[in-house]
Amino acid sequence: MLVIGLDPVRIPGWDPEPVLAAIARGQARFDDHGIEADMCLVALDENAEGTIVEALTRNDYACVVVGGGIRKHEPLLEFFEKVVNLVRRHAPGAAIAFNSSPEDTADAALRWLR
């Protein structure tokens, strides 16, 4: 299981603490289900695509969840498309899932892991 999202610490003008707390709660849900989940949090002003490819090729993932920070912000539509296509290219056997918040990421993955 791999989760790809924006790194809240590296978003200018943003208080990362609430998002970091929600990510931690979401990670705990993976632990509750006995699912090993890796996180790939990226900054847009750095080599985000390279970081994602590196994460995707590190393991053979059954499912990749793309976070709402990437999907929901309309100016990031092109980046979201790139992420989906990177998953298709570098983890072709992985299901692609979408969460509605960091806290329900495990639920998104479980829809495809069952």
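In short, a report on the structure.

Conventions we followed
Residues numbered from 1 in each chain as written. Predicted model: local features only at pLDDT ≥ 70, side-chain atom pairs only at ≥ 80, totals over all residues. Heavy atoms only, no water. Phe/Tyr/Trp six-rings, centres within 6.5 Å; stacked < 30°, edge-to-face > 60°. Helix = DSSP H or I, 4+ residues; strand = E, 2+ residues; numbered from the N terminus. Buried < 20%, exposed > 50% of the residue type's maximum accessible area, 1.4 Å probe, protein only. Salt bridge = Lys/Arg side-chain N within 4 Å of Asp/Glu carboxyl O. Contact = heavy atoms within 4.5 Å.

What follows covers the packing of aromatic side chains. Counted according to the given criterion, the structure contains one aromatic pair. For the pair Phe80 and Phe98, a centre-to-centre distance of 5.8 Å together with 70° between the ring planes defines the contact as edge-to-face. With Phe80 in helix α4 (residues 77-90) and Phe98 in strand β4 (residues 95-98), the pair connects residues that are 18 residues apart, well separated along the chain. Classification of Phe80 by relative accessible area gives buried; the value is 16%. For Phe98, a relative accessible area of 34% translates into the label partly exposed.

Another point: the pattern of salt bridges. Enumeration over the complete set of coordinates arrives at seven salt bridges. One salt bridge in this structure joins Arg10 and Glu46, with 2.5 Å as the shortest N-O distance. Here Arg10, found in the loop between β1 (2-6) and α1 (17-32), pairs with Glu46, found in the loop between β2 (38-42) and α2 (48-58); they are 36 residues apart in sequence, far enough to count as distant. In this structure Glu46 comes out as partly exposed when scored by relative accessible area, which is 47%.

Inspection of the secondary structure assignment puts Ala106 in helix α5 (residues 105-113). Distance from Ala106 to Met1, taken between C-alpha atoms, is 9.3 Å for residues 105 residues apart in sequence. Among all residues touching Ala106, those that are not within four sequence positions of it are Arg29 and Phe30.

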